[in-house]
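Spelled out, the chains give:
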Amino acid sequence: MLSFILAAAIGVLQPQIINIQDRTQTSLDGDWDYLVDQFANGYLDYRQNPMPAGNTFFADRHFFTDQTRLVEYDFDAAEKMKVPGDWNTQGDKFYYFEGTIWFRRVFEADPQPGKRYFIHFGAVNYEAVAGLNGKILGTHKGGFTPFDLEVTGLLKKGSNSLIVRVDNTRHPDGVPMQNFDWWNYGGITRSVCLVEAPETFVRDYFVRLSADGKGVEGWVQLDGASREAVASVEIPELGIRTETNADGISGKATFCAQFKKKKQPERWSPENPRLYEVKIASGEDSITDRIGFRTIETKGCKILINGKETFLKGVAIHEEIPFAPSGRAFSEEHARITLGLAKEMGCNFVRLAHYPHNENMVRVAEEMGIMVWDEIPVYWAIDWSNRETYENAENQLAEMITRDKNRANVIIWSVSNETPRSKARLDFLTGLIAKAREMDPTRLVSSAMEKDEPEPGHMTVKDDLIDYVDLISYNQYVGWYDGDFEKCDRVYWTFPVEKPVIITEFGGGAKFGRHGAVTDRFTEEYQAKLYEKNIEMLSRIPELAGASPWILKDFRSPRRQLNGIQDEFNRKGLVSENGEKKKAFFIMQEWYSRK
Ligand code: GCU
């Protein structure tokens, strides 16, 4: 179906515009009209063949004011839903809904000559097709990364009609595919805005510490007719200003500039999350970002930030609103509350599972000195031999790196989580790893692998991927899925290569306020003992360089049907969905206070 829509699109997806926060923008957040379309009636005829664009809902026809022809929909008569926001928590009738919902936003504009206009989406889960004033703009697949659709020449003075078809149906060839342990929140789940830019503008840039640490380097990507223009990068506090000519074909300008002797930057670190104002300009365009400068590397089994050994005191986080009703989080306030809780536990690191979280989360963490593991949803079983599935995964990886590559606190790109081993899977993941290293040679690349127990009590990680990643990062559930917590006392860990070990998941479930014998699962007492035993076990691993227990907060999952205890929540949180701290929260807090 989408191929038809693409064919009609005036332009398919263009590369992302980064740092739109600093651009002239009109927010389109708020109440959007919506029409539920379970049978794809908005773009397929009764034989399920694609309809001409003029007959689809993109035409935004009206029954009540235009009876020249029969239409059986009218957005003017539609109910409204909040954008950003998942639909599942915006009304009981949508709680389990999976399928297509159309959204419309009517807005005023006054386009100016010599300016370019884009509709920017923070994210739409899972497939989006957008149209403006009856013209289909393009489509996007993947529920957790931003995309921009140019509307220059289509945007009208006065009233405009933006229509988006959203489909959160899971697919066997999707990324993720049909089975995952989180709620399939559908909708326009992050902010939408109209972005204005000069005819030639700075679409993208990468500004980072030079490899030798003696200056800054990177590139600026121009977009527009005069892309051979000069691009400048300025860091006023460091007395740096450099100008370079962009390559007339690609519009890319590379740069490097040495620090002055007396103007060395304070390095970004969790203890001192120092950011510098960086101005990037070309022609009439100028954009400002706040960028931190640091190095991240491994040395044997150590992780070094700015050459200093660092232990990643982490916790895993799903992107849910703190606290109930636990829908998709999206705002800066949501980020501050969630990261404040992680900070209170003593964290300097968060694993943003299992997909790129909203940009507020990454930027607020950067300000707070919290390092980030950034991950794409290549999760469990994926259609490894499907070329389109690979391209989808690689596109989501590229969009994540494009968006977050200037954030000093992002230290690890993760290409997958708990994926079953095979040749096809290895080829798929090593392709993604190569792509990540090509786009960003400065960060660590890894994956959440799985442990093995080759003989009773001997635990290790025997995954071919281990030779391609920078960390031995893996999930282990000794004491929950794997025996009971006494097993923690009886096992020992060895590793086949000398790399830093990060336990990217451990833990077990408890319903807040459920108390009982320490041997009773889902009591706070069992969870607390499991954490105590796991911490003792992890403390016996000399190669350990970090941990991110699963998980900060109880989260919705269709896989957790134990009524009275789970009630469709995964209860491994250290706090409940209402923010109530369980006993295990304080055990983690105490361990981290000693690290
Ligand atoms: C897995 C998986 C998580 C899941 C967790 C659990 O390790 O990575 O996404 O939620 O186990 O079973 O709770």
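Nothing here was measured: the structure is a model prediction, and the numbers come from that model.

**Examining the overall build of the protein**
Part 1: Scanning the protein from N- to C-terminus turns up 8 helices and 33 strands.
Part 2: The C-alpha atoms of the protein give a radius of gyration of 25 Å, which matches the 25 Å a tight globule of 595 residues would have.
Part 3: Reported as C-alpha extents along the three principal axes, the dimensions of the protein are approximately 75 × 65 × 45 Å.
Part 4: Considering only contacts in the protein between residues 6 or more positions apart, those separated by 24 or more positions represent 72%.
Part 5: Working note: accessible area of the protein is about 22,400 Å², and carbon and sulfur atoms make up 50% of it.
Part 6: Taking the average location of the 74 positive side-chain charges in the protein and that of its 88 negative ones, the two points are 3 Å from each other.

**Re the sheet that holds strand β22 (residues 349-352)**
Part 1: The sheet built from 8 strands closes into a barrel, its strands ordered β21-β22-β23-β24-β25-β28-β30-β31 with parallel pairing. Strand-to-strand twist of the sheet, defined as the mean angle between neighbouring strand axes without regard to direction, takes the value 30°.

**Structural notes on the confidence of the model for the protein**
Part 1: In this model, the protein carries a mean pLDDT of 95, and residues with pLDDT of at least 70 account for 98%.
Part 2: When pLDDT is averaged over each helix and strand of the protein, the minimum, 40, is found for helix α1 (residues 2-8) and the maximum, 99, for β22.
Part 3: The model gives residues 1-11 a pLDDT under 50, and that stretch makes 25 contacts with residues more than four places away or in other chains.

**Comments concerning the nonpolar core**
Part 1: By size, the foremost hydrophobic cluster in this structure holds 90 residues, and its most contacted members are L339, V378, L432 and Y474.
Part 2: Residue contacts for L339: discarding those within four places in its chain leaves I317, V350, M361, V364, A365, M368 and I370.

**Some words on the packing of aromatic side chains**
Part 1: Here the structure, examined in full by the defined rule, presents 37 aromatic pairs.
Part 2: Geometrically, the ring pair formed by F206 and W219 is edge-to-face, given 6.4 Å between the ring centres and 85° between the ring planes. You can see F206 sitting in strand β11 (residues 201-209) and its partner W219 sitting in strand β12 (residues 215-223), a full 13 residues away along the chain. Accessibility classification places F206 together with W219 in one group, the buried group.
Part 3: Between the aromatic rings of F311 and W591, the centroid separation amounts to 6.0 Å while the plane-to-plane angle is 75°, which identifies the pairing as edge-to-face. Here the residue F311 occupies a position in the loop between β20 (308-309) and β21 (312-317), and W591 occupies one in helix α8 (residues 583-594), the gap between them amounting to 280 residues.
Part 4: F311 sits in the buried class, given a relative accessible area of 17%.
Part 5: For W591, a relative accessible area of 2% corresponds to the buried category.

**Observations regarding α8**
Counting along an α-helix, one turn takes 3.6 residues, and residues three or four places apart therefore face a common direction.
Part 1: End to end, α8 covers 18 Å across 12 residues, agreeing with the expected 16 Å (1.5 Å per residue, within 8%).
Part 2: Listed as buried for α8 are A584, F585, I587, M588, W591 and Y592. On an axial view of α8, the arc spanned by its buried residues comes to 165°, and they lie on one face. Opposite the buried face of α8, by more than 90 degrees, sit the exposed residues S593 and R594.
Part 3: Considering only its buried residues, α8 is in contact with β21, α2 (332-345), α7 (524-538) and β31 (544-547).

**As for the pairing of strand β9 (residues 158-167)**
Part 1: Summarising burial for β9: 8 of the 10 residues are buried, a large majority.
Part 2: Here strand β4 (residues 100-109) pairs with β9 via 10 bridges, running antiparallel. Residue pairing in the sheet places E108 in a bridge with S159 of β9.

**Some points on unusual backbone geometry**
Part 1: Cis peptide bonds are those with omega within 30 degrees of zero, and the linkage from V83 to P84 qualifies with 0°.
Part 2: Looking at where P84 falls in the secondary structure, it is placed in the loop between β3 (79-83) and β4.
Part 3: In the segment running from A353 into H354, the intervening peptide bond is cis, with an omega of -25°.
Part 4: You can see H354 is positioned in the loop between β22 and α3 (359-368).
Part 5: Even without glycine at this site, N306 takes up a positive phi of about 55°.
Part 6: Along the chain, the position of N306 falls in the loop between β19 (302-305) and β20.

**As for the site of the ligand**
Part 1: In the region of the ligand, 14 residues are neighbours, and D181, E418, Y481, E505 and K572 sit closest.
Part 2: In the environment of the ligand, an oxygen atom lies 2.5 Å from a nitrogen or oxygen atom belonging to the side chain of E505.
Part 3: The fraction of the free accessible surface of the ligand (320 Å²) that becomes covered by protein chains is 97%.
Part 4: Looking at the shell around the ligand residue by residue, the class counts come to 5 nonpolar, 4 polar and 5 charged.

**With respect to the packing of helix α4 (residues 387-404) against helix α5 (residues 423-439)**
Part 1: Where α4 contacts α5, the axes come no closer than 10 Å and their chain directions differ by 30°. Compared by their axis directions, α4 and α5 come out roughly parallel. Along this stretch, α4 crosses α5, giving a crossing that reads as right-handed. Contact residues: α4 offers T389, Y390, A393, E394, L397, A398, I401 and T402, while α5 offers F428, G431, L432, K435, A436 and M439.
Part 2: For the contact of α4 with α5, a count of residues per class yields 9 nonpolar, 3 polar and 2 charged.

**Concerning the pattern of salt bridges**
Part 1: This model, assessed by the stated rule, comprises 50 salt bridges.
Part 2: D33 is paired through a salt bridge with K80; the nearest N and O atoms lie 2.4 Å apart. Linking D33 in strand β2 (residues 30-36) with K80 in strand β3, this pair joins segments that are 47 residues apart in sequence.
Part 3: On the basis of relative accessible area, D33 is assigned to the buried category, the value being 5%.

**Side note on the packing of α7 against α8**
Part 1: Across the interface, α7 lies against α8 with an axial gap of 8 Å and an inter-helix angle of 20°. As summarised for this structure, α7 and α8 are arranged roughly parallel, according to the angle between their axes. Between α7 and α8 the crossing geometry is right-handed. Across from E524, E525, Q527, A528, Y531, E532, I535 and L538 in α7, the residues of α8 making contact are K583, A584, I587, M588 and W591.
Part 2: When its residues are assigned to classes, the contact of α7 with α8 shows 8 nonpolar, 1 polar and 4 charged.

**Some words on empty space enclosed by the protein**
Part 1: As enumerated under the stated definition, the model contains 3 cavities of 30 Å³ or more in all.
Part 2: Around the largest cavity, the lining comprises 13 residues; the ones closest to its centre are N125, Y126, P176, F180 and N184.
Part 3: Here the lining of the largest cavity is built from residues that sort into 6 nonpolar, 6 polar and 1 charged.
Part 4: Of the voids in this model, the second largest cavity is the one considered here, and its volume is about 70 Å³.
Part 5: I317, H318, E320, P322, F323, T338, L341, L552 and K553 are the residues that line the second largest cavity.
Part 6: In terms of residue class, the lining of the second largest cavity is built from 5 nonpolar, 2 polar and 2 charged.

Reading the values: rules and limits
Residues numbered from 1 in each chain as written. Predicted model: local features only at pLDDT ≥ 70, side-chain atom pairs only at ≥ 80, totals over all residues. Heavy atoms only, no water. Helix = DSSP H or I, 4+ residues; strand = E, 2+ residues; numbered from the N terminus. Rg over C-alpha atoms; globule rule 2.2 N^0.38 Å. Contact = heavy atoms within 4.5 Å. Areas by Shrake-Rupley, 256 points an atom, 1.4 Å probe, with all protein chains shown as cover. Lys, Arg positive; Asp, Glu negative; His and termini not counted. Charge placed at Lys NZ, Arg CZ, Asp CG, Glu CD. Pairing = 2+ DSSP bridges. Axes fitted to C-alpha atoms, helices over the stretch in contact; angles between N-to-C directions. pLDDT = per-residue confidence, 0-100. Core = buried A, V, L, I, M, F, W, Y, C linked by side-chain atoms within 4.5 Å. Buried < 20%, exposed > 50% of the residue type's maximum accessible area, 1.4 Å probe, protein only. Phe/Tyr/Trp six-rings, centres within 6.5 Å; stacked < 30°, edge-to-face > 60°. Expected span 1.5 Å × (residues − 1). Arc of directions from axis to C-beta. Near = heavy atom within 4 Å. Polar contact = N/O pair within 3.5 Å; in protein donor to acceptor, adjacent residues only side chain to side chain. Nonpolar A, V, L, I, M, F, W, Y, C, P; charged D, E, K, R; others polar. Parallel < 35°, antiparallel > 145°, perpendicular 65-115°, else oblique. Left-handed = near helix turned anticlockwise from the far one by under 90°. Salt bridge = Lys/Arg side-chain N within 4 Å of Asp/Glu carboxyl O. 1 Å grid on protein atoms, 1.4 Å probe; cavity = no way out; pocket = protein on both sides within 12 Å on 5 of 7 lines; lining within 4 Å. Points joined across faces, edges and corners; volume = space filled by probe spheres on them.

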